[in-house]
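Fold and contact review
These are the residues of each chain, in order.
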Amino acid sequence: SAQNFIQIKGARQNNLKDIDINIPKNQLVVITGVSGSGKSSLAFDTLYAEGQRRYIESLSAYVRQFVGKIEKPEVDYIKGIAPAIAIQQKVNTSNPRSTVGTTTEIYDYLKLLFARAGKTISPKNGEEVKRHTVSDVLTKLHEYSNGTKAQVLAPIILEEGRSLEKELEIILQKGFTRISLKKRLITIEEVLEFLKSDDKTDQFFESFLGKAKVSNELFLLIDRISVNQESQENIERIGDSVQTCFFEGHGECVIEVFGENEESEIHSFSNKFELDGIKFEEPSVNLFTFNNPYGACKTCEGFGTVIGIDEDKVVPDKSLSVYENAVACWKGEKMIEWKDEFIRHAKDFPIHKPYFDLDNQQLDLLWNGNSHVEGINAFFEYLQSNAYKIQYRVLISRYKGKTACPDCKGTRLRKDANYVKIDGVGISDLVLMPIEKLNAFFQNIKLDEYQKGVSKRVTFEITKRLEFLCELGLGYLNLNRDARTLSGGESQRIQLVTSLGSTLTGSMYILDEPSIGMHSKDTERLLKVLKQLRDLRNTVIVVEHDEDVIKQADYLIDMGPLAGSKGGEITFEGDMIALANEGNTLTSKYLKGELVIPVPEKRKVPKYKLEIVQAFKHNLKQVNATIPLHSMVVITGVSGSGKSTLVKEVLVPSLFNKTRSEEGEAKNCLALEGNYKRVKHIEYVDQNPIGRSSRSNPVTYIKAYDSIRSLFANQNVAKSRGYAPAHFSFNVDGGRCDACKGDGYITVEMQFMADLHLKCDECKGSRFKPEILDVKVRNKSITDVLNMTVDDAIDFFDQEKDIQSKLEVLQSVGLGYLGLGQSSNTLSGGEAQRIKLAFYLTEGNRDESILFIFDEPTTGLHFHDIHYLLKAFRKLIDKGHSIVIIEHNLDVIKCADWLIDLGPEGGDKGGKLLYQGAPEGILKVKESHTATYLLEKLKN
């Protein structure tokens, strides 16, 4: 029934072949199969698309006017579908103000916590800033015994331009009659008489009022009282008097309590939020909101960065000491005087210590100086003061760049927001903590009874989300991390935390390979989180290739048997027990061990190599790493262990500098040594989309479309009409559709929603004018060819060997299922990466020795597809190239010629070199998590 199952009948989207399936609700369902077999077509293009279409139908008339144009997925019907939430591997924000904290909603709860339970602490004396109330005054008075006499006094404050005489006349008109002057009660008439009289012989008045100014011992008497805790009438009278006193004293109230010997004690109260002469802002949500002008740092406007003096430009080589000219701007005949002056006068500063070894106190001295010596910032202030000279302006511009805001230190908030503390810690300190430490802080947070009462629910929500982040292996991040800098896998897991935190039930979650970017150790945590989501009575549908995730599924759907036109069928559905007993698919054969990716019989012995000496960027702890050339090097370790830092911020920039110049400086390490001259070029093959526009596609990227256009232009119909190859291009005017400019769809911008992409009414998605489609090759138009898969096109172009050979390279990297004209914005990160690999296998600088760097190239790959990928890597190596891979996939790791393992954990607990050498050797390293999971794979 639709109550227990999602019923799909006749699904034909993309390559799906009229499939019928019942997906059980409230279970962890894994859809697997080779790349291009129809997994995403079923999960995202059918299930999620229908869920979104139904959601849009429930919205306002403004949105519904487009519903008629939104096509339904090609399916007969879907019953029992729940509200759909897709969590894909995309960094969903381009907002520079978006952070991990705001994305997970933890920061929203932190703001609420500090606004409700935060205590404002004065930066001068460390005392808490309080706004006193009538209750505070009553509490103080009730500390004295019944019958104790006291006076309620208000300080007399003159309005601007008003004399004391005028002020006292106004007070008299209000009904007050006496004032206290130096603890002596005097009638206001007496004072006025003295002020109006020419006779100033009364020394008492003269000493205080002779100049008609307010004395700090001059108060207005509001009331004289006697303490009586049992009398409600007495309590009410005191309350009224204190309230009047706060009003008349402009927020100030003084209580003078008399003892037995007529000696008095003075107690001052204020309902102003002030202390130590500083006026503080009361805690509110907006005070901690950097997206609001009220709470944002005034210098950086809430961005956390400004254009200022860039530390990396001032100190480009952090392995040098100040004595060795680490400070680049202190060079030259004149500027070196600053360095000499610093060395002479900087007491106790280690001038021979490498810059990266300096502690925070020493760095502060170098940059900010002290009373004895001027630092780097003073140097640039000097340049700025002489900026009328062009050479100084040029010098300043040379060292400018995007840098952390000097006022908020990158935390984006106004400075006084950090005066508010919870358990002695400000909000900026919390967002800069690694999430792992932040979680420990909230587990042991110390709150008083009032704070516990107002923040119980808030701290629960914060702690719950922090635990999810730690369980998903993201404990090395901090809440201030810019969301744009996250990888696709990190972004997806953070979206997962947001969904878990919302505790929705009865929903359908569709996830796209959530295990990507995760070490096998972290995958166990991911499975725990997915099961929690399921246990909240949600249907969790995961498109996945990871062996561990597949084995933990409640229900398996295996698509295939192959990819593209040879896929789109359900080859198996059921649980793992049924798969083991009945399954006869590629997936089942790999899971049962009938098919394996073999361990290489022989690994390449490196003849040439690169040596990274003491890498120190971010969490790397003086790592000495060897990178063999002309071989396959795999760098592994848990998330946050320093893999990307070692490659992207040490190896790549250092090698780039060395290949440009023999004198090039190593970046973020002491030195780069070895045979770097043998590397002629560096190619970082990332997962960013191919091309620069949505019209980019696989066939244009590998340069095969030029030959296809020429083929169509050589047909008789094209020649008779005067069509050139350009008429068959959708990038230039001529043959392309004028309405959609060759996109095949029109983009409708939606307010407060994602843009809608609707099929073009003019060309019906064909991209070309109708007359262009009249030109055919073997009864196929240019649109028909672009709609073919790579596999089908290879068969079609059997007579055009140059086109066929280029397309076969796409097939060799496991992309035979892609459409030739498939838009680049529909490709996954892994597919984009493999298309770039195919380009280098065909056109890319064949005769040069290139160092290729791949970041998680197995994204989106089935076990069977990894065979193709490894063969493609070997082809590159056989051509004399070198490959460095950042990877977690155990099948790729076991096939490496050289393995570098970092760890043992992420963040501060990572950054150590645990092992380097042949993969077999890592099994002896007890500290390595990789070794634990690689043992079983190396047996195969």
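In this report, we go over the structure that sits alongside the text. Residue indices begin from 1 for each chain and proceed along its sequence in written order. For this predicted model, a pLDDT threshold of at least 70 governs which residues receive local features, and a threshold of 80 or more governs which side-chain atom pairs are given and counted, while totals over whole chains, interfaces and linings are taken from all residues. Hydrogens and water are ignored here; the side-chain numbers use all heavy atoms of the structure.

**Details of the overall build of the protein**
We count a stretch as a helix when DSSP gives it H or I for four or more residues in a row; a strand needs E for two or more, and each element gets its number in order from the N terminus. The helix and strand tally for the protein stands at 33 helices and 33 strands. Expressed along its principal axes, the backbone C-alpha trace of the protein runs to roughly 125 × 80 × 65 Å. Relative accessibility under 20% of the residue-type maximum defines a buried residue, over 50% an exposed one, and the middle range a partly exposed one, all with a 1.4 Å probe and only protein chains included. Considering the protein as a whole, with its 940 residues, one finds that 53% of them fall into the buried category. Note on contacts: a residue pair qualifies if any of its non-hydrogen atoms lie within 4.5 Å across the two residues. For the protein, restricting intrachain contacts to residue pairs at least 6 apart in sequence, the fraction spanning at least 24 positions comes to 69%. Working note: accessible area of the protein is about 43200 Å², and carbon and sulfur atoms make up 47% of it. Methods summary: accessible areas were calculated by the Shrake-Rupley approach with a probe of 1.4 Å, and residue burial reflects only the protein chains presented.

**With respect to the packing of aromatic side chains**
Any Phe, Tyr or Trp ring, taking Trp's six-membered ring, that has another such ring centre within 6.5 Å forms a pair; planes under 30 degrees apart are called stacked, those over 60 apart edge-to-face, and the others tilted. Counted according to the given criterion, the structure contains 24 aromatic pairs. Here Phe 839 and Tyr 840 contribute two aromatic rings whose centre-to-centre distance is 5.2 Å and whose plane-to-plane angle is 70°, an arrangement assigned as edge-to-face. Consider the rings of Phe 854 and Phe 873, whose centres lie 5.0 Å apart with planes at 55°: the pair is tilted. Separated by 19 residues along the polypeptide, Phe 854 in strand β30 (residues 850–855) and Phe 873 in helix α31 (residues 863–878) bring together distant segments of the chain. A relative accessible area of 1% places Phe 854 in the buried class. Among the aromatic residues, those joined into a cluster by ring pairs are Trp 330, Trp 338, Phe 342, Phe 349, Phe 379, Phe 380, Tyr 382, Tyr 392 and Tyr 399. In this structure, Arg 412 is placed above the aromatic ring of Phe 290, and the distance from its NZ or CZ to the ring centre is 5.4 Å. Lysine NZ or arginine CZ positioned within 6 Å of the ring centre and within 35 degrees of the ring normal marks a charge as sitting over the ring. Over the ring of Tyr 294 we find Arg 414, and its NZ or CZ is 5.1 Å from the ring centre.

**Examining the sheet that holds strand β4 (residues 77–79)**
Read from one edge to the other, the open sheet built from three strands follows the order β2-β1-β4, with strand pairing classed as antiparallel. Two strands lie at the open edges of the sheet, namely β2 (19–24) and β4, each paired on one side alone. Within the sheet, the average angular offset between the axes of one strand and its neighbour, ignoring direction, is 5°. As defined by bridge partners, strand β1 (residues 5–11) adjoins β2 across five bridges and the pair is classed as antiparallel. Counterpart to Ile 6 in the pairing with β2 is Ile 23. Strands are labelled as partners when DSSP assigns at least two bridges between them. The convention used is that axes are lines fitted to C-alpha atoms, helices contributing only their stretch in contact, and that angles between N-to-C directions extend from 0 to 180 degrees.

**Points about helix α5 (residues 134–141)**
Those residues of α5 lying buried are Val 134, Val 137, Leu 138 and Leu 141. Down the axis of α5, the buried set is contained in an arc of 100°. They therefore lie on one face. Against the buried residues of α5 lie β7 (149–155), β10 (218–226), α9 (232–248), β11 (252–258) and β12 (264–270). It is the directions from the helix axis to the C-beta atoms that the arc portrays.

**Examining the packing of helix α12 (residues 360–368) against helix α13 (residues 376–385)**
Interhelical geometry of α12 versus α13 gives an angle of 15° and a closest axis separation of 4 Å. By the angle between their directions, the pair α12 and α13 is classed as roughly parallel. The segment α12 lies against α13, with Leu 366, Trp 367 and Asn 368 engaging Ile 376, Asn 377 and Ala 378. Side-chain classes are defined by residue name, with Ala, Val, Leu, Ile, Met, Phe, Trp, Tyr, Cys and Pro counting as nonpolar, Asp, Glu, Lys and Arg as charged, and the others, Gly among them, as polar. Along the lines of polarity and charge, the residues of the contact of α12 with α13 split into four nonpolar, two polar and no charged. Working definition: roughly parallel below 35 degrees, roughly antiparallel above 145 degrees, roughly perpendicular at 65 to 115 degrees, and oblique for all remaining angles.

**Looking at the sheet that holds strand β18 (residues 425–426)**
An order of β6-β17-β18 is seen for the three strands of this open sheet, with the pairing classed as antiparallel. Strand pairing shows two members of the sheet lacking a second neighbour, β6 (119–120) and β18, which therefore form its edges. Across two bridges, the pairing between strand β17 (residues 420–422) and β18 is antiparallel. Pairing of Ile 422 across the sheet is with Val 425, part of β18.

**Some remarks on helix α29 (residues 801–812)**
In this scheme, a helix's expected span is set at 1.5 Å multiplied by one less than its residue total. Relative to the 16 Å expected for 12 residues at 1.5 Å per residue, α29 spans 16 Å between its end C-alpha atoms, a close match to the ideal helical length. Of the positions making up α29, those classed as buried are Ile 803, Gln 804, Lys 806, Leu 807, Val 809, Leu 810 and Ser 812. Of the residues flanking the end of α29, it is Gly 814, one or two places downstream, whose phi is positive at about 80°.

**Focus: the side chain of Arg 767**
Its place among the elements puts Arg 767 in the loop between β29 (756–759) and α27 (782–786). The positive count covers Lys and Arg only, the negative count covers Asp and Glu only, and His and the chain ends enter neither. A pairing counts as a salt bridge when a side-chain nitrogen of Lys or Arg comes within 4 Å of a carboxyl oxygen of Asp or Glu. Buried charged residue Arg 767 carries no salt bridge. Nearest counter-charge: Asp 743, at 6.8 Å. Polar contacts here mean pairs of N or O atoms no more than 3.5 Å apart (in protein, one a potential hydrogen donor and the other a potential acceptor; neighbouring residues in sequence count only if both atoms are side-chain atoms). Within polar-contact distance, the side chain of Arg 767 engages the backbone oxygen of Gly 821 at 2.8 Å. When residues no more than four places from it in sequence are discounted, the contact partners of Arg 767 are Asn 697, Phe 730, Arg 736, Cys 737, Gly 742, Asp 743, Gly 744, Gly 821 and Ser 823.

**Section: the nonpolar core**
Counting 139 residues, the largest nonpolar core has Leu 110, Phe 442, Leu 496 and Leu 807 as the members making the most contacts within it. Per-element tally for this core: the top contributor is α31, with eight residues. Not counting chain neighbours up to four residues away, the residues in contact with Leu 807 comprise Val 699, Ile 702, Ala 704, Val 790, Ala 793, Ile 794, Phe 797 and Leu 820. Formed by 34 residues, the second largest nonpolar core is a distinct cluster that contains Ala 150, Ile 186, Leu 195 and Ile 235. The term nonpolar core refers to a set of buried residues drawn from Ala, Val, Leu, Ile, Met, Phe, Trp, Tyr and Cys, joined through side-chain atoms within 4.5 Å.

**Notes on the pattern of salt bridges**
Proximity of charged atoms lets side chains of opposite charge pair with each other. Enumeration according to the criterion identifies 45 salt bridges in this entry. Across the pair Arg 457 and Glu 461 runs a salt bridge whose closest N-O atoms are separated by 2.7 Å. With a gap of four residues between them, Arg 457 and Glu 461 both fall in helix α17 (residues 449–471), about one helical turn apart. Of the residues examined, Arg 457 reaches a relative accessible area of 55% and is grouped as exposed. Linking Asp 891 and Lys 937 is a salt bridge whose minimum nitrogen-to-oxygen distance equals 3.4 Å. One end of the pair, Asp 891, is in helix α32 (residues 890–894); the other, Lys 937, is in helix α33 (residues 929–939), with 46 residues separating them in the sequence. Pair check on accessibility: Asp 891 and Lys 937 agree, each one buried. Residues participating in the shared-partner salt-bridge network are Glu 105, Arg 457, Glu 461, Lys 464 and Arg 465.

**Concerning the pairing of strand β24 (residues 623–628)**
Most of β24 is tucked away: five of the six residues are buried. Pairing of strand β23 (residues 609–615) with β24, which is carried by five bridges, proceeds in the antiparallel orientation. Bridge pairing in β24 links Leu 610 to Ile 627.

All we've got here are geometric facts, nothing functional implied.
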